Amino acid sequence: MQQVKLTLSHLLQAAALLVLVACTQTVGHFTPVAATNPENTVLYVYRPAASAPGLMKPLKFDYPDVLIDGKSIGVLKYNEYIVTELSPGAHTITITGLTTASSGWAERDIERVIPASQGGQVFMKLQVEYDTENMTLDQLSAKYLIHLLPVDGEDAKYEIRNTSPASPRVPG
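All values reported here derive from a predicted model rather than from experimental measurement. (Residues numbered from 1 in each chain as written. Predicted model: local features only at pLDDT ≥ 70, side-chain atom pairs only at ≥ 80, totals over all residues. Heavy atoms only, no water.)

A. Representation of the overall build of the chain in the model. Secondary structure assignment for the chain yields 2 helices and 9 strands. Buried positions account for 33% of the 172 residues belonging to the chain. Roughly 11,500 Å² of accessible area belongs to the chain as shown, and the carbon and sulfur atoms make up 57% of that amount. (Helix = DSSP H or I, 4+ residues; strand = E, 2+ residues; numbered from the N terminus. Buried < 20%, exposed > 50% of the residue type's maximum accessible area, 1.4 Å probe, protein only. Areas by Shrake-Rupley, 256 points an atom, 1.4 Å probe, with all protein chains shown as cover.)

B. Spotlight on the sheet that holds strand β5 (residues 89-96). With antiparallel pairing, 4 strands are arranged side by side in an open sheet as β3-β2-β5-β6. For this open sheet the edge positions go to β3 (71-75) and β6 (110-117), each flanked by a neighbour on one side alone. Mean inter-strand twist for the sheet, computed between neighbouring axes without regard to direction, equals 25°. Both strand β2 (residues 65-68) and β5 contribute to a ladder of 4 bridges, which runs antiparallel. Bridge pairing in β5 places L67 opposite T94. (Pairing = 2+ DSSP bridges. Axes fitted to C-alpha atoms, helices over the stretch in contact; angles between N-to-C directions.)

C. Representation of the confidence of the model for the chain in the model. Overall, the predicted model of the chain reaches an average pLDDT of 83, with 80% of residues at or above 70. In this model residues 14-25 is a low-confidence stretch, pLDDT under 50, and it forms 1 contact with partners more than four residues away in sequence or in other chains. (pLDDT = per-residue confidence, 0-100. Contact = heavy atoms within 4.5 Å.)

D. Structural detail: the pattern of salt bridges. In total, this model carries 2 salt bridges according to the counting rule given. Between K125 and E159 there is a salt bridge; the shortest N-O distance is 3.0 Å. You can see K125 sitting in strand β7 (residues 121-130) and its partner E159 sitting in helix α2 (residues 153-160), a full 34 residues away along the chain. With relative accessibility at 12%, the residue K125 sits in the buried group. In this structure, K157 engages E154 in a salt bridge whose closest nitrogen and oxygen atoms are separated by 2.9 Å. Of this pair, K157 and E154 both sit in helix α2, 3 residues apart, roughly one helical turn. (Salt bridge = Lys/Arg side-chain N within 4 Å of Asp/Glu carboxyl O.)

E. Molecular detail of the environment of D155. Looking at where D155 falls in the secondary structure, it is placed in helix α2. Along the sequence, D155 and F123 sit 32 residues apart, while their C-alpha atoms lie 9.4 Å from each other.

F. Geometry of the sheet that holds strand β9 (residues 164-165). The sheet built from 5 strands is open, its strands ordered β8-β7-β1-β4-β9 with mixed pairing. Only two strands of the sheet have a single neighbouring strand rather than two, namely β8 (144-151) and β9. With 7 bridges joining them, strand β1 (residues 41-47) and strand β4 (residues 80-86) adopt antiparallel strand pairing. Across the sheet, R47 pairs through a bridge with E80, a residue of β4.

G. Structural context of the nonpolar core. Membership of the largest hydrophobic core comes to 21 residues, with the highest contact counts inside it found for L43, V66, I93 and L126. Elements with a minimum of two residues in this core: β1, β2, β4, β5, β6, β7 and β8. Per-element accounting of this core gives the leading share, 4 residues, to β7. With near-sequence residues (within four places) excluded, V66 lies in contact with V45, K71, S72, I73, G74, L76, I82, I93, T94 and I95. (Core = buried A, V, L, I, M, F, W, Y, C linked by side-chain atoms within 4.5 Å.)

Written as structure tokens, this is what we have:
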């Protein structure tokens, strides 16, 4: 039986390979869908991965319910998106933790009006990041920056492609 000698050089090469593989990001593919009714608008609400370095991501396991005009269209988990159609006219979108569908989302509600539009697509990003400017090491809880932002369709495609569709909502 032949003995295998591991040198420091071999160990460093193996470690470098592991780091390279761990840092590789897969890039997904995303193609927006057309509305089933040409007068309707397709709404995408997405929550991309946080930009915070390391394994701890802000509110990764907590998620809000997404309401359109007071009716749930599903929950928005970390790194997922929801797509729905809106009839012509203005609509109100609410991000809330005050329903039984949400889980652990203790942040205040966010409400925005989606302007009246006919046809086309609207992209809204729920951005959740640590508020590092206002956090100190002696704090017992984290602080967050949470925003619901309209995003240009061309820019949104590049962010959504690395997210997954949310699980279909079960009527109840």
